[in-house]
Amino acid sequence: MIVARLRPHVLIDEQSRLTSAWRHDGHRSFHCRAGRHTLVAFPDLAPASPAGEEFAALLRATAAVETVVDSAQSPPLGSFAATGEHSAVRVTDDWSVGGGSFTWIAGPCAVESADRLTTVARDVRARGAHLLRGGAFKPRTSPYAFQGLGTDGLALLRDAAAAAGLGVVTEVVDAAHVEAVAEVADVLQIGTRNAQNFPLLREVALTGRPVLLKRGFGCTVQEWLHSAEYLLAAGNGNVLLCERGVRTFENASRFTLDITAVPLLKRLSHLPVIVDPSHACGHADLVAPLAAAAAVAGADGVMVDVDEAGRTALCDAEQAITPDEFGALVARTGRILDSAEPMEPVADHAMVSR
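Residues numbered from 1 in each chain as written. Predicted model: local features only at pLDDT ≥ 70, side-chain atom pairs only at ≥ 80, totals over all residues. Heavy atoms only, no water.

This next bit is on the pattern of salt bridges. Taken as a whole and assessed by the stated rule, the structure comprises 14 salt bridges. D159 is the partner of R158 in a salt bridge, and the nearest nitrogen-oxygen pair spans 3.2 Å. You can call R158 partly exposed: its relative accessible area is 44%. Classification of D159 as partly exposed rests on a relative accessible area of 43%. In this structure, D258 and R215 form a salt bridge, with 2.9 Å as the shortest nitrogen-oxygen distance. Residue D258 is found in the loop between β12 (239–243) and α9 (261–268), and its partner R215 is found in the loop between β11 (211–214) and α8 (221–233); the two are separated by 43 residues along the sequence. (Salt bridge = Lys/Arg side-chain N within 4 Å of Asp/Glu carboxyl O. Buried < 20%, exposed > 50% of the residue type's maximum accessible area, 1.4 Å probe, protein only. Helix = DSSP H or I, 4+ residues; strand = E, 2+ residues; numbered from the N terminus.)

If you want it as C-alpha cells, here you go:
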C-alpha cells in the first residue's frame, strides 16, 4: 500500500482537488491529519507492481506531496514510516499526549456518586493527574454486576472534571451513546471488548474527538493496529493506543501486561501509547511497579484506577489505589524518568517500510 505525506502548506481546497483527480483516475484514497502531517493512503496500489510504481512516481512529481512511503507491512496511516516521527495528540486546550510529556489519567473505574467523584477528581488533580477517568457505561462480564449510572454518570463526570480543572476520559460502548458521550468527554475510550467493533469505531471516529483505543485482550499487536486504522481511515488522526493486558495461561493476575508492546508500538506506529496497569493486573499492590515499567519502556502515559472508597467500590475495587498512593506513584515514576536515559525506538524497516 502506498502512503503520501503532503507538504504542511497544502490547503484543504488543494487537498480536495487532488482527491477528486485521483478518484477520477480510479484510485481510492483515505485521508487523516496525524500530528502535524496530512497523510493519504491508497489501498488498491501495490508498490512493487507496475501500476504502483507508476503512480508512486506521479505522486513524487506532485508539488503538494512531500514524500511517498510503502507501508506494506503495517497499517499505513498509523505507521511510523508514514510520518517519520511520533505524533502528539492534543486532548484539552492546554495538554497533549505524546511529544515528550508524560500523561497521568486517573479516577474511579466507575462513577458511583457526585461527592466521591468530585473528591477523587480534586485529589488526583492535586497529585499530578492531567485527565480524569471514570466509567458511566460499564460493560461487565456478569449481567448482574454494576453497569454504571449511564447518562446520569456523564453529567457527574462533566461537573467533577470542571470543578477539578481536568479533561474527561470515559468509555463509549454503544453507537447509540456516541453523541451523548462526545458532549462530555475530551477523550472517548473504546474498551477491550469493543476493540474490534468496527461499526462503533467508525461512529466514534466521526465525532472528531480524540479516541483512546484499548487493546482487545485477545488481539495481536497487528490486529490492534488495524483497529486503530479504522479510526484513522475515517479521518480521525487523534488516536491513543492503550495496552491493558492480554489473556494468557497465567491466572495469578487478572491479565498479563504485555510490556513488550510498548517499545514494539513505538517502532511500528507514530501514535502515542498509554498503559493501564490497573486492569492488566487486577491487584492494587502491583499497579506501581507495572506503571514504572511502562514509563521506562517508553510509554507516553499511564491510566490508573484511583478511588477513595477502597474495597467498597462497586466496580473492580481490588485494583484501585488511594489518592495518596497515586501521589506516591507519580512522584516515584517522575524520579525514575528523570534518572533514566530516554528510550529512542529504532524503526525496523523490514517490518515498517520498504
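Following the structure, the description resumes.
Bringing the environment of F137 into the picture now. Of note, F137 is situated in the loop between β8 (131–133) and α5 (151–164). Leave out the neighbours within four places in its chain, and F137 touches Q147, G150, T151, L154, E171, V173, H177 and V181. (Contact = heavy atoms within 4.5 Å.)

So, about the packing of helix α4 (residues 114–126) against α5. Two measures define how a pair of helices packs: the angle their axes make with one another and the distance between the axes. Packing of α4 against α5 brings their axes to within 9 Å, and their N-to-C directions diverge by 35°. Relative to α5, the crossing made by α4 is right-handed. Contacts between α4 and α5 involve A114, L117, T118, A121, R122 and R125 from the former and L156, L157, A160, A163 and A164 from the latter. Taken together, the residues that form the contact of α4 with α5 break down as eight nonpolar, one polar and two charged. (Axes fitted to C-alpha atoms, helices over the stretch in contact; angles between N-to-C directions. Left-handed = near helix turned anticlockwise from the far one by under 90°. Nonpolar A, V, L, I, M, F, W, Y, C, P; charged D, E, K, R; others polar.)

Moving on, we come to the pairing of strand β10 (residues 187–190). Burial along β10 is two-sided: V187 and Q189 and L188 and I190, pointing in opposite directions, are all buried. Two elements, strand β9 (residues 167–171) and β10, share three bridges in a ladder whose sense is parallel. What sits directly across from E171, in β10, is Q189. With helix α6 (residues 178–184) bridging β9 and its parallel neighbour β10, the resulting β-α-β unit is right-handed. (Pairing = 2+ DSSP bridges. Right-handed = clockwise from strand over helix to strand, strands pointing away.)

Its location among the elements puts D300 in the loop between α11 (284–297) and β14 (301–305). In terms of polar contacts, D300 uses its side chain to reach the side chain of K266, at 2.5 Å. Each residue touching D300, except ones within four places of it in the same chain, is listed here: V97, G98, S101, F102, T103, K266, P272, V273 and I274. (Polar contact = N/O pair within 3.5 Å; in protein donor to acceptor, adjacent residues only side chain to side chain.)

Moving on, we get to the environment of L212. Structurally, the position occupied by L212 is in strand β11. Along the sequence, L212 and V187 sit 25 residues apart, while their C-alpha atoms lie 6.5 Å from each other. Setting aside residues up to four positions removed in sequence, L212 forms contacts with I105, V187, L188, Q189, I190, L240, C242 and M303.

On to α11. In this model, α11 (14 residues) spans 21 Å end to end at C-alpha, consistent with the 20 Å of a helix rising 1.5 Å per residue. The complete set of buried residues in α11 reads A284, V287, A291, A292, A294, A295 and A297. Turning to α11, the residues buried within the fold contact α9, β13 (273–275), α10 (277–281), β14 and α12 (323–339). Within two residues after α11, G298 carries a phi angle of roughly 110°, on the positive side. (Expected span 1.5 Å × (residues − 1).)

Relative to each other, α8 and α9 sit at 50°, their axes nearing to 12 Å. Relative to α9, the element α8 lies oblique. The chirality of how α8 crosses α9 is right-handed. Along the contact surface, α8 presents V221, Q222, W224 and L225, while α9 presents A261, L264, L265 and L268. Looking at the contact of α8 with α9, its residues break down into seven nonpolar, one polar and no charged. (Parallel < 35°, antiparallel > 145°, perpendicular 65-115°, else oblique.)

Keep in mind these values describe shape, not function.
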